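# Coordinate inspection notes
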Amino acid sequence: MDSSLVMIGLTNVLSFNNIACILGGTLLGLFVGAMPGLSATMALALLLPLTFSFDPATGLSMLASLYVGASYGGSIAAILLRTPGTPSAAATVLDGFPLSQQGKAGQALGISLFASFFGGLMSGIALLTAAPLLGTLVLEFGPVELFAIAVLGITIIGSLAQGSVISGLLSGGLGLLLSTVGMDLTTGTPRMTFDQINLFAGIDFTVALIGLFSVPQALTLIENSHRGNKVASRITDRLMPRWSTIKQLMPNILRSSGIGIVVGLIPGTGGDTASWFAYNEAKRFAKDKSRFGKGEIAGVAAPEAANNAVVGGALIPTIALGIPGSSSTAILLGALMVQGILPGPNLLTDYGDVTYTLIWAVILANIALLVVGLAFTKMSVSVTKIPDGFIACAILTLCIIGAFAINNSLFDVGLMLGFGLFGYWMSKAGVSPAPMVIGLILGPVMETSFQQSMLIGNDSFGVFLESPIATVLLILALLSILQATPFFRWLRLPLKRRLKQS
Amino acid sequence: MNVSRLLLGVFGIVVAGVFFFDASDYPRAAAQMPMIYAVAVGLLSLAMVASELRLQRRAPATGGSAAEPADREADEAPPAPKRWAAVVTIFLLAVGYVASMTTLGYVLATALFMTLALAILRTVKWSFALIAGAVLIAMVCLVFVQFLGLPIPLLPSFL
């Protein structure tokens with residue numbers, strides 16, 4: 001780890017502007033996460049165009065804080081409204097809402113906040129130590145290995161995304177295909193531009209992001225909007241938990257944080273997987289399992305620690321390998337790209353000052369979360385009561401102005417609406433848009449590294465088998481696809497029968 | 001069978017075909033990756049169509065077992081109907097909003113869009129819509145137009 005870059009990153013993030021942006025971003029994330037129907041990814045997509053005019057440190061600090069704030073904010077609606085504010089807060093509903101019904105909403109929210117703080121802080125420290133270690137390994141990688149990592153990234157994300165493996169891989173494949181639109185840099189050939197000058201530079205990743213993540217949510221809110229006020233439980237007890245309660249829950253919080261970090265490391269899995277896994281483990285280790293589902297405080301602490309710990313964990317492959325671990329980290333990677341910083345293993349070396357600033361921003365955002373959460377959690381209850389219909393229209397207006405802000409082009413806005421409609425169709429088909437966005441990011445990386453590999457190997461595909469690292473990565477990619485096909489089940493059955501007989 | 005999935009699969013095959021045949025006219029270096037991706041997308045789309053058609057063929061055989069949960073569900077309140085017409089109308093309104101933004105100006109176009117969309121939805125009180133809408137427009141103008149310097153006309157071009 002280059003200690004000078006670590007200190008530069010810390011110095012960058014401790015400026016007045018950046019601390020203000022961290023506090024503001026965390027508060028915004030808290031409110032967005034608290035509103036059912038909105039997600040951290042959607043908010044990040046909408047905020048991204050705003051950060052274009054900021055310097056990289058400030059923009060990234062704000063985005064990272066929003067991500068951290070929204071990861072906790074989802075628990076507010078889960079506990080008070082019985083509706084998770086974000087998908088990763090779904091497990092929190094099971095014990096959080098019963099606690100609010102017993103007049104212990106404050107206790108539940110307080111433990112959720114402290115668990116989120118500890119989980120996020122642990123993952124930030126893991127990110128600071130693990131990413132550079134992985135980064136030094138990856139410096140040995142050439143174009144052949146980079147191509148293999150990109151293939152592995154797409155196949156893992158595609159095979160683990162929501163829905164079937166075919167859906168996930170198709171989504172990723174479409175993203176890769178769309179990434180080829182525009183002028184080919186090697187030959188200068190315009191590809192799939194239909195003589196449209198606006199497409200010569202390719203499809204802007206941010207336009208697709210806003211369209212795919214924000215517009216479908218707005219349309220879904222409209223689809224399900226009906227009269228009727230949201231009824232939220234009131235907070236009548238204290239928010240600040242007792243130290244004895246935190247001490248009692250600490251083993252659970254530490255275990256759940258570890259689960260969140262490890263799950264975050266795996267591309268394609270996110271806060272929802274981590275929170276359910278942590279909840280199940282908390283129940284397994286509990287002395288009295290019958291209390292889970294009826295207002296057991298450990299059932300709130302576990303998923304909340306895990307879903308905040310995912311943030312740092314997911315950033316480890318993003319920063320070390322340039323492979324985004326989730327759609328939210330894809331946006332953070334996109335924010336780096338917008339500042340002219342290309343994804344890849346050189347993020348920690350050539351752009352180390354910006355990257356370490358992002359890492360420190362994640363750590364400081366968790367401290368900001370504690371401050372902002374204690375001060376504003378009660379206020380965020382009123383935010384949960386905003387009618388879905390108004391939220392949907394507000395999202396659409398923000399999408400339109402956000403897409404226009406990218407290149408001051410109405411063509412981009414039209415393209416964004418087109419992606420929005422396609423994203424809505426994908427949601428009806430049960431196909432996740434996350435692999436598509438990651439395909440759009442990794443497509444150019446894959447193409448460049450493939451062309452370089454072909455040059456190295458004199459146009460022979462055998463060049464990928466000459467590198468042991470690339471061979472192993474490509475085999476893992478193949479296994480990740482096969483593991484979800486009937487082929488694996490046919491292989492496993494005879495093995496199971498043989499084990500039974502022996 | 002999910003009709004959206006079936007249609008998405010068909011769409012994927014068409015898109016893959018268009019990209020593949022278009023790429024066949026490019027120089028070799030420019031054609032390689034689009035053709036590889038097009039083949040992958042085509043095969044995956046075919047697999048999606050095949051899996052949906054297989055599900056449709058299996059569905060009549062499992063029709064009897066669906067009766068029991070249906071009886072249980074009859075006692076529960078029916079889910080609220082989906083507002084497809086509102087989705088289509090508001091999306092078309094959004095397209096109109098984008099088209100009219102430079103002529104009507106951002107403020108008027110946004111106010112018109114929000115008013116019409118909320119009138120169609122009929123789920124928001126007018127007092128809330130008025131105040132919250134004004135706050136939203138003011139904040140967007142402050143952040144995007146004032147702070148970011150976005151070159152978008154705030155007022156109608158005919159004024």
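Only a predicted model underlies this, so the values are computations on that prediction, with no experimental measurement involved.

Each helix and strand counted, chain B has 6 helices and 0 strands in total. Mapped in sequence order, the helices and strands of chain B form the string α-α-α-α-α-α. A total of 159 residues make up chain B; the buried ones form 26% of that total. Pairs at least 24 apart in sequence give 66% of the contacts found in chain B among residues at least 6 apart.

This part is about the overall build of chain A. Helix and strand counts for chain A come out as 21 helices and 2 strands. Relative to the globule expectation of 23 Å for 502 residues, the C-alpha radius of gyration of chain A, 23 Å, shows essentially globular dimensions. Taking the principal axes of its C-alpha atoms as reference, chain A extends roughly 70 × 70 × 50 Å. Of all 502 residues assigned to chain A, the portion counted as buried reaches 64%. In chain A, the share of contacts with a sequence separation of at least 24, taken over all contacts with a separation of at least 6, comes to 80%.

Time to look at the interface of chain A and chain B. Contact with chain A, which involves 49 residues of that partner, is made by 52 residues of chain B. Secondary structure elements with two or more residues in the side of chain A that touches chain B: α8 (165–178), α10 (215–223), α16 (388–407), α17 (410–428) and α18 (434–456) of chain A. When residues of the side of chain A that touches chain B are assigned to their parent elements, the largest contribution, 10 residues, is made by α16 of chain A. Per-class residue counts for the side of chain A that touches chain B are 28 nonpolar, 15 polar and 6 charged.

Residue and element names in this part refer to chain A. Counting 216 residues, the largest nonpolar core has L63 and V362 as its most contacted members. At 16 residues, helix α4 (residues 56–81) tops the list of elements feeding residues into this core. If we ignore the near neighbours within four places in the chain, the residues touching V362 are A64, V68, G124, L127, V311, G312 and L315.

Once that is clear, we can look at unusual backbone geometry. Positive phi, close to 55 degrees, is recorded for N408 of chain A, a residue that is not glycine. Tracing the chain through its elements places N408 of chain A in the loop between α16 and α17.

Mapped onto the elements of the fold, N17 of chain A is located in helix α2 (residues 16–34). A C-alpha to C-alpha distance of 7.1 Å links N17 of chain A and T58 of chain A, two positions 41 residues apart in sequence.

Across chain A, pLDDT averages 84, with 92% of residues at or above 70. Per-element mean pLDDT across chain A ranges from 60 in helix α21 (residues 486–501) of chain A up to 93 in α17 of chain A.

Residue pairs spaced three or four apart in an α-helix point in one direction, given the helix's 3.6 residues per turn. Taking 1.5 Å of rise per residue, 14 residues should cover 20 Å, and α8 of chain A covers 20 Å from first to last C-alpha, within 8% of that figure. Counting buried positions over the 14 residues of α8 of chain A gives 14, a clear majority of the element.

Here we take up the packing of α10 of chain A against α17 of chain A. Residue and element names in this part refer to chain A. Direction vectors running N to C along α10 and α17 enclose 60 degrees, while the axes themselves pass 8 Å from each other. As the angle between them shows, α10 and α17 are arranged oblique. Crossing of α10 against α17: the hand is right-handed. Contacts between α10 and α17 involve V215, P216, L219 and T220 from the first element and L417, G420, G423, Y424 and S427 from the second.

A word on α16 of chain A. End to end, α16 of chain A covers 30 Å across 20 residues, agreeing with the expected 28 Å (1.5 Å per residue, within 8%). Where α16 of chain A terminates, the next one or two residues include N408 of chain A, which has phi positive at roughly 55 degrees.

Here we come to the confidence of the model for chain B. A low pLDDT score tells you not to read the predicted coordinates there in detail. Residue and element names in this part refer to chain B. Averaged over every residue, the pLDDT of chain B is 83; the share at 70 or more is 86%. Within chain B, no element has a lower average pLDDT than helix α3 (residues 67–75), which sits at 46, and none a higher one than helix α1 (residues 3–23), at 94. Counting contacts from residues 63–74, a segment whose pLDDT is below 50, to residues more than four positions away or on other chains yields 0 contacts.

Packed helix pairs are characterised by how far apart their axes lie and by the angle those axes make with each other. Residues and elements named next belong to chain A. Closest axis-to-axis distance for the helix α11 (residues 243–265)/helix α13 (residues 298–321) pair is 6 Å, and the angle between their directions is 35 degrees. Here α11 runs over α13; the crossing is right-handed. Of the residues belonging to the contact of α11 with α13, the class tally is 18 nonpolar, 9 polar and no charged.

With that out of the way, let us pick up the environment of I90 of chain B. Mapped onto the secondary structure, I90 of chain B falls in helix α4 (residues 84–104). Looking at I90 of chain B, the number of C-beta atoms within 10 Å reads 25, which means it is buried. Apart from the residues within four sequence positions on either side, I90 of chain B is in contact with I222 of chain A together with A117 and I120 of chain B.

Residues and elements named next belong to chain A. The residue L94 is located in helix α5 (residues 90–101) in this model. In this structure, the C-alpha to C-alpha distance between L94 and R82, residues 12 residues apart in sequence, is 8.4 Å. Not counting the four nearest positions on each side in its chain, L94 is found in contact with G293 and G299.

About the criteria used
Position numbers for residues start from 1 in each chain and track the written sequence from start to end. Chains carry letters from A onward and ligands carry numbers from 1 onward, assigned in written order. Owing to the predicted nature of the model, reporting of local features is limited to residues with pLDDT of at least 70; listing and counting of side-chain atom pairs is limited to 80 or more, with chain, interface and lining totals taken over all residues. Only DSSP runs of H or I with at least four residues qualify as helices, and only runs of E with at least two residues qualify as strands; both kinds are numbered from the N terminus onward. Any residue with 12 or fewer other C-beta atoms within 10 Å of its own C-beta is exposed, any with 20 or more is buried, and the rest are partly exposed; the C-beta atoms used are placed from the backbone. C-beta atoms are first placed from the backbone for all residues, and any pair lying within 7 Å is then listed as a contact. Values of the radius of gyration come from C-alpha atoms, whereas the globule rule sets the reference at 2.2 Å times the count of residues to the power 0.38. Under the convention adopted here, Pro, Cys and the residues Ala, Val, Leu, Ile, Met, Phe, Trp and Tyr are nonpolar, Asp, Glu, Lys and Arg are charged, and Gly plus all remaining residues are polar. To define a nonpolar core, we join buried Ala, Val, Leu, Ile, Met, Phe, Trp, Tyr and Cys residues through C-beta atoms within 7 Å and take the resulting set. Per-residue confidence from the prediction method is given by pLDDT, with values spanning 0 to 100. Helix span, expected: 1.5 Å multiplied by one less than the number of residues in the helix. As a rule, the C-alpha atoms of each element are fitted with a line to give its axis, helices using only the stretch in contact, and angles between N-to-C directions run from 0 to 180 degrees. For classification purposes, angles smaller than 35 degrees are called roughly parallel, those larger than 145 roughly antiparallel, those between 65 and 115 roughly perpendicular, and all remaining angles oblique. The crossing is said to be left-handed when, going from far helix to near helix, the turn is anticlockwise and less than a right angle, and right-handed when the turn is clockwise.

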